[in-house]
Structure formats: C-alpha cells, structure tokens
Amino acid sequence: MDGELVRNRHEVGPVNMPVSAKTLAQLGPALIGVEKVHDVSFIGALYPYRVALIASLRARGINIVVNPHRTDETTDFESSRANQPTWIEYMQGLASSHMTINFSRSSAGPYEQLKTRVIEAGLAGTYLLTDDKDRTRLFFPPDEFSTFESVDDLPDLIESLLEDKADLDARARRAQVRARVMAVTNFW
C-alpha cells in the first residue's frame, strides 16, 4: 500500500478490478426495483472455514442468506464455484440485502485483502460488514462500513445496525456515492 516491497512483509491487495463507466451505466437500471428482502447476506466462495463461520452465525440466531443471486443452493466450495450467474445477477443479489459480510481472507492465506466486494457492496447500496481492519478504512470513512474482530461480534453488531434501518440504508447510500467514484479509475 505504500509503494515499496519489504522483505518478509506479505503484500496481498488491494485485489480490486476497475469497473468501467459503461458497466456502471448498465448497473443502474438493473438495480431499479430490487428490494432489500434480506437483513444480512454472504456472497462468495464457500471455503471450508467460511462454511464453519456461517454455521456459527446461524447457531447464534443470525438469519443470513448465502449467495442470494443464485437459483440453486450452495453448501460447499465446489457448488459455490459452479454455474456462476452473471455479474449483474450477482449485483442484484447483493443489493437485495441491507448488509453483507465480507471475509477479507481468501485462498491466498491468512492475510487481509481489500477485495472487490468492498467496492461492489458500495455500488449495490448494501452496507458492508468486514473483518478487514487495515485497508477498507483507507478508502471509506468509518460511518460507511463496520468492522468486526470475529464472528462472535457479528450478532450484536447486526442487531444494533438493524435497530435503525433508515440510518443503515443512509450509510449504504453514502458508500454507494463514494464507490461509484472510486470504481472507475482508482484501481487502474
């Protein structure tokens, strides 16, 4: 993030793809009429550690929808990577929830990443919950996303945010404005 490589310091990310102005122009009309029918979503590959995290959230009483953009049910890594819907369908699924959970680790190892989903959540108008404590804050102010230390923190965080859905959605709309500016050129 500082323009230099340092021996023994892992550099993973930002892992973002720029979104073209033409794509954003197509996204706007595709999101019109998408209702927020889910409180919380998780969208992405179901690595075994994520399956366990989602199961622990459900055990704590969190009603979390997984990959709502799909017509089939995904329960493991293989099913979550097969038969991928279009990006527009993915964004519509993301937009159908008030909040989405982003796990900043991936198959790259135990390193936090600023993932494309951070920008996409903003573009979809969905409030971001992330375990990334390092990079998201460099691009979004603290009232446009929330961080959590562990999944044990999520039930209380989610419940507190759901107490005022109007404020929650206003925060997401502010992040949406910022994401639309950043998405086109900030990651080239």
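A few points on the structure.

This brings us to a negative patch on the surface. The grouping of E149, D153, D156, E159, E163 and D164 at the surface amounts to a negative patch. Relative to the elements of secondary structure, D156 occurs in helix α6 (residues 154-162).

Another point: helix α7 (residues 165-185). Counted at 1.5 Å a residue, the expected span for α7 with its 21 residues is 30 Å, and the 31 Å between its end C-alpha atoms agrees. The largest bend in α7 is about 25 degrees, located at A179. Buried within α7 we find L168, D169, A172, A175, A179, M182, A183 and V184.

We now examine the pattern of salt bridges. Counting across every chain of the model gives 8 salt bridges. D143 is the salt-bridge partner of R174, the closest N and O atoms lying 3.1 Å from each other. Highlighted residues: R174 in helix α7 and D143 in the loop between β4 (127-130) and β5 (145-147), separated in sequence by 31 residues. Close ionic contact of E144 with R178 constitutes a salt bridge, the shortest N to O distance being 2.8 Å. Of this pair, E144 sits in the loop between β4 and β5 while R178 is found in helix α7, placing the two residues 34 residues apart along the sequence.

Reading the values: rules and limits
Residues numbered from 1 in each chain as written. Predicted model: local features only at pLDDT ≥ 70, side-chain atom pairs only at ≥ 80, totals over all residues. Heavy atoms only, no water. Patch = residues over 30% accessible without salt bridge, like charges linked within 9 Å, V, L, I, M, F, W, Y side chains within 5 Å. Areas by Shrake-Rupley, 256 points an atom, 1.4 Å probe, with all protein chains shown as cover. Salt bridge = Lys/Arg side-chain N within 4 Å of Asp/Glu carboxyl O. Lys, Arg positive; Asp, Glu negative; His and termini not counted. Charge placed at Lys NZ, Arg CZ, Asp CG, Glu CD. Helix = DSSP H or I, 4+ residues; strand = E, 2+ residues; numbered from the N terminus. Expected span 1.5 Å × (residues − 1). Bend = angle between axes of the 7 residues up to and from the residue. Buried < 20%, exposed > 50% of the residue type's maximum accessible area, 1.4 Å probe, protein only.

Purely spatial values, then, with no claim about function.
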